[in-house]
Amino acid sequence: FAFAPLIIALLYSAEFAPATNVLRWQALGTLLMVISWPMSFILLAAGAGRAYFVTAIVPVLVMGGATFLLMERYGLDGAGMGYFAAYVVYLPLQFVLAAPKIGYFWNAAVCRALGVLGIAFAGLLWPVLSPSLLSIAIGALIACAAGTHLALRASKTLDLASIIRRYRGAKS
């Protein structure tokens, strides 16, 4: 995320430099999408076709409307902001519709993890809102620290070592 300018420069040309912030906004939106997509399969498995349809249509409408409104004010960056806005709406919508289907509600540990994720988001968003070398460096550090914390928590919960051993054994 912090390396979006480098990625754009390596994969494209200098003429694509204005797309740097669009890439950043899309990365944030994609992170929310990855978090929320598994919940959409709960709706499908529960036979809640109408709810699934609503969760498919609402973000498209939000993305279209937000992109239209934001591009007027922010130019090209508004396209990335619209994408992000779609998934800011999509995640809670998925949770509200899917969680009751399986009797799941976020416990204190999940809320803490979401708080850390929020801090990571702030670290990632800061360079977009205040682009400077210092904000990119600090934002990258915040995001890496939060990501490391979440990865360590996940490794305790998931026993990643045994998963990796099984995967290596299956490849041999």
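Residues numbered from 1 in each chain as written. Predicted model: local features only at pLDDT ≥ 70, side-chain atom pairs only at ≥ 80, totals over all residues. Heavy atoms only, no water.

**Comments concerning the packing of helix H2 (residues 20–45) against helix H3 (residues 49–74)**
Contact geometry for H2 and H3: axes closest at 7 Å, N-to-C directions at 150°. Judged by the angle between their axes, H2 and H3 are roughly antiparallel. Between H2 and H3 lies a crossing of left-handed hand. Contacts between H2 and H3 pair Ser40, Leu43 and Leu44 from the former with Ala51, Tyr52 and Thr55 from the latter. A per-class count over the contact of H2 with H3 returns four nonpolar, two polar and no charged. (Axes fitted to C-alpha atoms, helices over the stretch in contact; angles between N-to-C directions. Helix = DSSP H or I, 4+ residues; strand = E, 2+ residues; numbered from the N terminus. Parallel < 35°, antiparallel > 145°, perpendicular 65-115°, else oblique. Left-handed = near helix turned anticlockwise from the far one by under 90°. Contact = heavy atoms within 4.5 Å. Nonpolar A, V, L, I, M, F, W, Y, C, P; charged D, E, K, R; others polar.)

**As for the packing of aromatic side chains**
Across all of its chains, the model carries four aromatic pairs by this definition. Seen from their ring centres, Trp25 and Phe84 are 5.4 Å apart, and the 50° between their planes marks the pair as tilted. You can see Trp25 sitting in helix H2 and its partner Phe84 sitting in helix H4 (residues 77–102), a full 59 residues away along the chain. On the basis of relative accessible area, Trp25 is assigned to the buried category, the value being 6%. The class of Phe84 is buried, set by a relative accessible area of 14%. Ring pairs connect the aromatic residues Tyr83, Tyr87 and Tyr90, which therefore count as one cluster. (Phe/Tyr/Trp six-rings, centres within 6.5 Å; stacked < 30°, edge-to-face > 60°. Buried < 20%, exposed > 50% of the residue type's maximum accessible area, 1.4 Å probe, protein only.)

**Side note on H2**
For H2, spanning 26 residues, the distance from its first C-alpha to its last is 38 Å, which sits close to the expected 38 Å at 1.5 Å a residue. The principal kink in H2, of about 30°, is found at Ser36, preceding the proline Pro38 by one to four residues. At the C-terminal side of H2, Gly47 shows a positive phi close to 75°. (Expected span 1.5 Å × (residues − 1). Bend = angle between axes of the 7 residues up to and from the residue.)

**Looking at the side chain of Asn21**
The residue Asn21 is located in helix H2 in this model. Using a relative accessible area of 15% as the deciding quantity, one classes Asn21 as buried. Within polar-contact distance, the side chain of Asn21 engages the side chain of Asp77 at 3.4 Å. (Polar contact = N/O pair within 3.5 Å; in protein donor to acceptor, adjacent residues only side chain to side chain.)

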